[in-house]
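Residue-level listing of the chains:
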Amino acid sequence: MIAISACLIGDNVRYDGSHKLNDELRHLIQENKAIAICPEVLGGLTTPRPPAEIVGGDGFDVWEGRAKVVATTGEDVTDAFKQGALKALEILQAHQCTAVILKSKSPSCGMFKIYDGTFSGELKSGDGVSSALFMKHGIKVADESNWKAQLGFLSF
Ligand code: SF4
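In this text, all values refer to a predicted model and were calculated from it rather than measured experimentally.

### Thoughts on the overall build of the protein chain
Next, step 1: Helix and strand counts for the protein chain stand at six helices and eight strands.
Next, step 2: Over its C-alpha atoms the protein chain spans a radius of gyration of 14 Å, differing by no more than 12% from the 15 Å that the globule rule assigns to 156 residues.
Next, step 3: Taking the principal axes of the C-alpha coordinates as reference, the protein chain spans close to 45 × 30 × 25 Å.
Next, step 4: Each of the 156 residues in the protein chain was classed as buried or not, and the buried ones make up 49%.

Here's what the structure looks like:
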């Protein structure tokens, strides 16, 4: 079993109430080869919600207490992001998911590159809060743009 960011399978869970449907990934859900998770919704955040970015580092730094997640309103939403990531991890473990395909650039789900914390559209190197937690627990992670190459197996 694998998991997929819920916005990639058409759920309207993004900060602005939209989705980023990828038909191929939704097909995996329809075939019962994958489940969907949205860490930000699991963390209790509303949809829509103000966009947020990681300030002072990346997701790994958030778990080490060196960085925080801040919304455009100035609200510190670090705890909600961490709680959502932990709940998502519980779900992955309960379903024995070995890999997860995540939405790029997100402060929760992003991998390798995330928005830089200035709300300017610029990117920085780093991973999201949930991506970092999943990696720390040995779950393979990939983003939606290159998931077949990144996971490199997928004998679903
Ligand atoms: Fe939810 Fe992750 Fe998609 Fe953001 S990127 S809407 S946290 S599934």
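### Concerning the nonpolar core
Next, step 1: Core analysis: the biggest nonpolar cluster contains 30 residues, and Val69, Leu92, Val100, Val129 and Phe134 have the highest contact counts within it.
Next, step 2: Among the secondary structure elements, those contributing two or more residues to this core are strand 2 (34–37), strand 3 (52–55), helix 3 (59–63), strand 4 (68–71), helix 4 (78–94), strand 5 (99–102) and helix 5 (129–136).
Next, step 3: Top element by residues in this core is helix 4. It accounts for six residues.
Next, step 4: Not counting chain neighbours up to four residues away, the residues in contact with Leu92 comprise Ala3, Ile37, Cys97, Val100, Phe134 and Ile139.

### Quick word on the environment of Leu89
Next, step 1: Looking at where Leu89 falls in the secondary structure, it is placed in helix 4.
Next, step 2: Setting aside anything within four residues of it in sequence, one finds Leu89 in contact with Leu133, Phe134, His137 and Ile139.

### A word on unusual backbone geometry
Next, step 1: A cis amide bond links Thr47 to the next residue, Pro48, at an omega of 0°.
Next, step 2: Structurally, Pro48 is set in the loop between helix 2 (39–42) and strand 3.
Next, step 3: The phi angle at Asn32 is positive, at roughly 60°, despite the residue not being glycine.
Next, step 4: One can find Asn32 in the loop between helix 1 (23–30) and strand 2.
Next, step 5: Even without a glycine there, the phi angle at Lys105 is positive, about 70°.
Next, step 6: As for its position among the elements, Lys105 is in the loop between strand 5 and strand 6 (113–115).

### A closer look at the side chain of Asp143
Next, step 1: Looking at the element boundaries, Asp143 is found in strand 8 (residues 140–143).
Next, step 2: In this structure, Asp143 is in contact with Ile101, Leu102, Ser104, Met111, Phe112 and Gln150, ignoring residues within four places of it in sequence.

### Observations concerning the pairing of strand 1 (residues 2–5)
Next, step 1: Both faces of strand 1 are covered, namely the face carrying Ile2 and Ile4 and the face carrying Ala3 and Ser5.
Next, step 2: Once the chain exits strand 1 it traverses helix 1 before rejoining the sheet at strand 2, and the crossover so formed is right-handed.

### Structural notes on the site of the ligand
Next, step 1: What surrounds the ligand is a group of 14 residues, the closest being Cys7, Cys38, Glu40, Lys103 and Cys109.
Next, step 2: Its residues placed into classes, the shell around the ligand shows seven nonpolar, three polar and four charged.

### Points about the pattern of salt bridges
Next, step 1: One pass over the structure, following the stated rule, counts seven salt bridges.
Next, step 2: Among the salt bridges present, the one from Glu31 reaches Lys33, with a minimum N-O distance of 3.2 Å.
Next, step 3: Exposure remark for Glu31: the relative accessible area of 36% places this residue in the partly exposed category.
Next, step 4: The exposure class of Lys33 is partly exposed, given its relative accessible area of 28%.
Next, step 5: Note that Lys103 is salt-bridged to Glu144, the shortest N-O span being 3.8 Å. Highlighted residues: Lys103 in the loop between strand 5 and strand 6 and Glu144 in the loop between strand 8 and helix 6 (147–151), separated in sequence by 41 residues.
Next, step 6: Given a relative accessible area of 11%, Lys103 falls into the buried group.

What counts and how
- Residues numbered from 1 in each chain as written.
- Predicted model: local features only at pLDDT ≥ 70, side-chain atom pairs only at ≥ 80, totals over all residues.
- Heavy atoms only, no water.
- Helix = DSSP H or I, 4+ residues; strand = E, 2+ residues; numbered from the N terminus.
- Rg over C-alpha atoms; globule rule 2.2 N^0.38 Å.
- Buried < 20%, exposed > 50% of the residue type's maximum accessible area, 1.4 Å probe, protein only.
- Core = buried A, V, L, I, M, F, W, Y, C linked by side-chain atoms within 4.5 Å.
- Contact = heavy atoms within 4.5 Å.
- Right-handed = clockwise from strand over helix to strand, strands pointing away.
- Near = heavy atom within 4 Å.
- Nonpolar A, V, L, I, M, F, W, Y, C, P; charged D, E, K, R; others polar.
- Salt bridge = Lys/Arg side-chain N within 4 Å of Asp/Glu carboxyl O.

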